[in-house]
Amino acid sequence: MEPSRTQVGQSERFLWLYALAVAGGAVAYVPFLTLLLPVRVGELEATDTIGALAYIAFAGAISASISNILFGWLSDITRNRRGWILAGLLLSSILLIGVRKTGNASELLGLIVVWQIGLNMMLAPLAAWAGDCVPDMQKGKLGGLLAFAPALGALSGALVTIPGIADPDARLAIVAGIVVTCVLPVVVFGKPVAMPHLMSRADVDAHASQDHARQPRSTVARMWLARLLVQIAEAALFAYLLIWFATIDADFGDNRTATVFTFVLALSIPLAMLAGRWSDRNDRPLLPLSIGAGIGAVGLVVMGISDTLTGAILGYVVFGLATSVFLALHSSQTLRFLPKPATRGRDLGIFNLTNTVPSLIMPWLTLALVPLFGFDGLFFVLAALAVIATVLLVTAKR
C-alpha cells in the first residue's frame, strides 16, 4: 500500500540543518548574556555593575517577550519564515558586534533592547518553521536533536573566552560568525519536503462534542504552565548554582561548576534523542515530559537534603539531565498540540513567555526564600513546582 501524505516524513537533511540553526540561535545569546555582557557592563558601570546589569536584563526580557510574539505573528501573516529569519540574523549580528561601540550603560541598555528585537525576529519564525515542516511522527526525534542547542551555546561561551584567543571586540565578532555559520545553511540548503497538511487548519470535527473541542486548548494550557514551572526551577539553578556549591565547599569554584554544567548538557543529548525516538515509535508525546518533570523534582529534593558536595552534585546531575530532556522534547511536542496552524508563530511567541518570565520571577522568589530558609527551602519549593508540572502533564488529555 502506498503511504498516505500524512505518513511522509521530513528529510534528514532538513532536520539536522534545522537543529544546527536552533543551536546557532542559542549561540547568539548564551555566551553573550552570561559572559560577554556582564564584562561590558562592568567596564561601563564599575560602581554599580549588578544594578546596571539587572536593569539591562529586565529591559531585554521585556523586549524579547513582546518581539517574539510580534514577529511570530508577522511571519504567520506573510507566510515567509525564511525572509524574517534572514533579516533577524543580519540585524542581530550587526548589533551584537556594535556592543563595543556603546559609551555608557544607558546606550548599552538601548542597544540590548533593539538587539533582542533583531534576535527574536530570527528566533520566532525559526521556531514556527518546524511546525510547518515536521510531521507529528518525527517531533520526538526533532526534540532530541534540539538538545544540541544549549550544549553548543555553553561550548561556544567556553571557546570564545579561552585566555588569549581573542580580545573583547573579536569575541563578539566570533560569536556573530558562529551564529551565521549555523543558521544560514538551513535557509539556503534546507529545502524541506512540502507538508501542506501541516499548514491547513486542524478544525475539530463538526460532530465532536463540546468537551472534545475544549481538550486541545486545555492541553496547550497545561503544557504552557508545566513548562513555566520547570523553567522557574531551571532559571534559579542557572543563576545560583555556583553560589550554592560554594556554601557547601568554598573550594568548588567556577571552573568545576562549569565542568558539571557541561557534563549534564552533553549527557542530555543522547538521552533526549532516545526519549524522543521512543515517543515517536509509541505515539506517547506527553509521557517523557511527565517523567522528566517528575525526576527533576526528585533531583531538587536530593539537593535540598544534601549536606555533602557529592550529594549536591548528584542531585544537580539528576535534576539537570531530567529537565534538559524535558525542555528539548517540550519545544518540539508543543507544535503537535497548537490548535491553529494559521497562528502558529504567534502562539509559539506566547509559549516563549515561559522562557522569559522566569527570569523576572526567579530573583524575587530567591530573595524571599533563601534569607529565611536557606537554599534548602528554595529547592523544596522548586521541587513542589516540578511536582505540579508533573501532575498537569499526567492528567492532560490527548
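In the block above lies the structure referred to throughout.
Residues numbered from 1 in each chain as written. Predicted model: local features only at pLDDT ≥ 70, side-chain atom pairs only at ≥ 80, totals over all residues. Heavy atoms only, no water.

S.K.: Sorry, what's going on with the overall build of the chain here?
M.R.: Helix and strand content of the chain: 13 helices and zero strands. Of the regular secondary structure in the chain, the N- to C-terminal order runs α-α-α-α-α-α-α-α-α-α-α-α-α. Computed over its C-alpha atoms, the radius of gyration of the chain comes to 21 Å, within 12% of the 21 Å expected for a compact globule of 398 residues. Dimensions along the principal axes, computed over C-alpha positions, put the chain at roughly 65 × 45 × 35 Å. Residue pairs in contact within the chain that sit at least 24 positions apart in sequence constitute 85% of those at least 6 positions apart. Total accessible area on the chain stands at roughly 17,900 Å², and carbon and sulfur atoms take up 68% of it. (Helix = DSSP H or I, 4+ residues; strand = E, 2+ residues; numbered from the N terminus. Rg over C-alpha atoms; globule rule 2.2 N^0.38 Å. Contact = heavy atoms within 4.5 Å. Areas by Shrake-Rupley, 256 points an atom, 1.4 Å probe, with all protein chains shown as cover.)

S.K.: I would appreciate a short explanation of the nonpolar core in the present structure.
M.R.: Across soluble globular proteins, nonpolar side chains have a tendency to be buried as a group. By size, the foremost hydrophobic cluster in this structure holds 103 residues, and its most contacted members are Tyr 18, Phe 32, Leu 237, Leu 300, Tyr 316 and Leu 382. Counting residues per element, this core draws most heavily on helix 8 (residues 210-248), at 14 residues. The residues contacting Tyr 316, other than those within four sequence positions of it, are Leu 237, Leu 241, Phe 245, Val 260, Phe 261, Val 264 and Met 303. (Core = buried A, V, L, I, M, F, W, Y, C linked by side-chain atoms within 4.5 Å. Buried < 20%, exposed > 50% of the residue type's maximum accessible area, 1.4 Å probe, protein only.)

S.K.: Help me out: how do you make sense of the pattern of salt bridges in this one?
M.R.: Side-chain pairs of opposite charge can arise where the charged atoms are in close proximity. If you walk through the whole model with that rule in mind, you get 10 salt bridges. Among the ionic pairs, Asp 169 bridges to Arg 100, the shortest N-O distance being 2.9 Å. Of this pair, Asp 169 sits in helix 7 (residues 168-189) while Arg 100 sits in the loop between helix 3 (81-97) and helix 4 (105-133); the two residues are 69 residues apart in sequence, bridging distant segments of the chain. Note on Arg 100: relative accessible area 22%, which makes it partly exposed. (Salt bridge = Lys/Arg side-chain N within 4 Å of Asp/Glu carboxyl O.)

S.K.: Would you explain helix 6 (residues 148-160) in this entry?
M.R.: In an α-helix, one turn spans 3.6 residues, which is why side chains three or four residues apart end up on the same side. For helix 6, which comprises 13 residues, the first-to-last C-alpha distance of 18 Å matches the rise-based estimate of 18 Å (1.5 Å per residue) to within 8%. Burial in helix 6 covers these residues: Ala 149, Ala 151, Gly 153, Ser 156, Gly 157 and Val 160. (Expected span 1.5 Å × (residues − 1).)

S.K.: So what exactly am I meant to see when it comes to unusual backbone geometry here?
M.R.: Most of the time, phi is negative for any residue but glycine, and the peptide bond is trans. For Arg 79, which is not glycine, the phi torsion reads 55 degrees and is therefore positive. Of note, Arg 79 is situated in the loop between helix 2 (49-78) and helix 3.

S.K.: Would you explain helix 13 (residues 353-394) in this entry?
M.R.: Here helix 13 contains 42 residues, and its C-alpha end-to-end distance of 22 Å is more than 12% below the 62 Å for a straight helix at 1.5 Å per residue. Along helix 13, the sharpest kink reaches roughly 130 degrees, centred on Phe 373. (Bend = angle between axes of the 7 residues up to and from the residue.)

S.K.: Is there a simple way to explain a nonpolar patch on the surface in this structure?
M.R.: Judged by side-chain polarity, Leu 20, Leu 152, Leu 155, Leu 159, Ile 162 and Ile 165 come together as a nonpolar surface patch covering roughly 460 Å² of accessible area. In terms of residue count, the dominant contributor to the nonpolar patch is helix 6 (three residues). Among the structural elements, Leu 159 can be located in helix 6. (Patch = residues over 30% accessible without salt bridge, like charges linked within 9 Å, V, L, I, M, F, W, Y side chains within 5 Å.)

S.K.: Which parts of the structure should I look at to understand the packing of aromatic side chains?
M.R.: Aromatic ring pairs: the centre-centre distance and the angle between the two ring planes describe each pair. One pass over the full model with this rule turns up nine aromatic pairs. When the centroid spacing of 5.2 Å and the interplanar angle of 80 degrees are considered together, the rings of Phe 14 and Trp 129 count as edge-to-face. Of this pair, Phe 14 sits in helix 1 (residues 12-44) while Trp 129 sits in helix 4, and the two are 115 residues apart along the sequence. Exposure class is identical for Phe 14 and Trp 129. Each is buried. When the ring of Phe 32 is compared with that of Trp 115, the centres are 4.9 Å apart and the planes differ by 70 degrees; the resulting orientation is edge-to-face. In this pair, Phe 32 is assigned in helix 1 and Trp 115 in helix 4, connecting sequence segments 83 residues apart. (Phe/Tyr/Trp six-rings, centres within 6.5 Å; stacked < 30°, edge-to-face > 60°.)

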